Amino acid sequence: MYIGERLKAIRKSKKMSLTEVSEKSGVQMATLSRIENKKMVGSLESHIQIAKAIGIDVTELYKGLSQDNAFIELGHDKHTDVFTHSDEASFEILTKNVMSKKMMPTLVRIEEGGKTNKEQTHGGTEKFIFVLDGTVEVNINDQPFVLRKFNTLYFDAALPHFFHNTGRGAARFICVGTPVSL
């Protein structure tokens, strides 16, 4: 069973619509639909928000899933999952079987002038950023840090944060996060 199938079954057993789950979780309805239809898996943060919205512990979403089928393949030539958070930002997971890992490396791409949604995880989580191209302002707890090519930043991901491309052209950076402590 895939995570999307599990989510759909639980949501329907609770007689909740995608719209209701979206409103309660803050996860876009299109994202929920993509997860349920095995087009994407979502992030651990989105899984936690969804689980809270449907009134279950996040671990319920993972029951019955194996590492072999918890994630989807995106084609013969694709080795990673890409999550588009908006027209301005996308995240590409750079490893497989992320559920069995202690870190989640992602390649983040933000279009010129674009920014990501504000994130804040539970205590005990950290992120490391390495800028490949462009200029990225990392706003952590309303304090901006401007990073340019080859700059790095290590921070407490439990603080509210978002990324903003303040340079010309697309910005790309590697973001490595630790899993959420539950």
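Everything below is about the structure shown above.
Below or above, wherever it landed, is the structure these notes cover.

Thresholds, definitions, all that
- Each chain has its residues counted from 1, running along the sequence as written.
- For a predicted model such as this one, the threshold for reporting local features is a pLDDT of at least 70, and the threshold for listing and counting side-chain atom pairs is 80 or more; totals across whole chains, interfaces and linings nevertheless cover every residue.
- Only hydrogens and water are set aside; all other atoms, that is, all heavy atoms of the structure, feed into the side-chain values.
- For helices, the fitted axis covers only the stretch in contact; all axes are lines through C-alpha atoms, and the angles between them, taken along N-to-C directions, range from 0 to 180 degrees.
- Strands here are runs of E lasting at least two residues and helices are runs of H or I lasting at least four, both read from the DSSP assignment and numbered beginning at the N terminus.
- With respect to orientation, any angle under 35 degrees is reported as roughly parallel, any angle over 145 as roughly antiparallel, any angle of 65 to 115 as roughly perpendicular, and every other angle as oblique.
- Here a residue-residue contact requires only that any non-hydrogen atoms of the pair lie within 4.5 Å.
- Side-chain classes are defined by residue name, with Ala, Val, Leu, Ile, Met, Phe, Trp, Tyr, Cys and Pro counting as nonpolar, Asp, Glu, Lys and Arg as charged, and the others, Gly among them, as polar.
- Each residue is placed in one exposure class: buried if its accessible area under a 1.4 Å probe, protein chains only, is under 20% of its type's maximum, exposed if it is over 50%, and partly exposed if it falls in between.
- In this context, the arc is that of the directions from the helix axis out to the C-beta atoms.
- In this description, strands pair whenever DSSP reports at least two bridges between them.
- The rule for a salt bridge is simple: a side-chain nitrogen of Lys or Arg has to be within 4 Å of a carboxyl oxygen of Asp or Glu.

### What about the packing of helix 1 (residues 3–13) against helix 3 (residues 29–36)?
Where helix 1 contacts helix 3, the axes come no closer than 7 Å and their chain directions differ by 115°. As judged from the angle between their axes, helix 1 and helix 3 are roughly perpendicular. Judged by residue contacts, Ile3, Gly4, Glu5, Leu7, Lys8 and Arg11 of helix 1 engage Leu32, Ile35 and Glu36 from helix 3. Residue composition of the contact of helix 1 with helix 3, grouped by class: 4 nonpolar, 1 polar and 4 charged.

### Quick look at helix 2 (residues 18–25)
Of all the residues in helix 2, the buried ones are Val21, Ser22 and Ser25. Down the axis of helix 2, the sector holding all buried residues measures 100°, keeping them to one side. Across helix 2 from its buried face, at more than 90 degrees, point the exposed residues Glu23 and Lys24. Contact partners of the buried residues in helix 2: helix 1, helix 3 and helix 4 (44–54). Positive backbone phi, at 80°, marks Gly26, one or two positions downstream of helix 2.

### Focus on the sheet that holds strand 6 (residues 143–147)
The strands that make up a sheet pair up through hydrogen bonds in the backbone, lying either parallel or antiparallel. If you trace the 3 strands from one edge of the open sheet to the other, you get 6-5-8, paired in antiparallel fashion. Taken across any chain shown, the strands that pair with only one partner, and hence form the sheet edges, are strand 6 and strand 8 (161–165). Ignoring strand direction, the axes of neighbouring strands in this sheet form an average angle of 20°. For strand 5 (residues 136–140) and strand 8, the ladder comprises 5 bridges, and the chain directions are antiparallel. Looking at the pairing, Asn139 lines up with Phe162 of strand 8.

### Side note on the pattern of salt bridges
For the coordinates displayed, the defined rule picks out 6 salt bridges. Notably, a salt bridge pairs Glu36 with Arg11, separated by 2.7 Å at the nearest N-O pair. On the criterion of sequence distance, the pair formed by Glu36 in helix 3 and Arg11 in helix 1 is long-range, its members being 25 residues apart. Each member of the pair Glu36 and Arg11 is classed as buried. Residue Arg109 is joined to Glu111 by a salt bridge in which the shortest nitrogen-to-oxygen separation is 3.0 Å.

### What about the environment of Pro160?
Topologically, Pro160 is positioned in the loop between strand 7 (152–156) and strand 8. Between the C-alpha atom of Pro160 and that of Glu119, which follows or precedes it by 41 residues, the distance is 5.6 Å.

### Considering helix 1
When we look at burial in helix 1, the residues that qualify are Ile3, Gly4, Arg6, Leu7, Ile10 and Arg11. For helix 1, the angular spread of the buried residues around the axis is 160°, confining them to a single face. At its buried positions, helix 1 is contacted by helix 2, helix 3, helix 4 and helix 5 (59–62).

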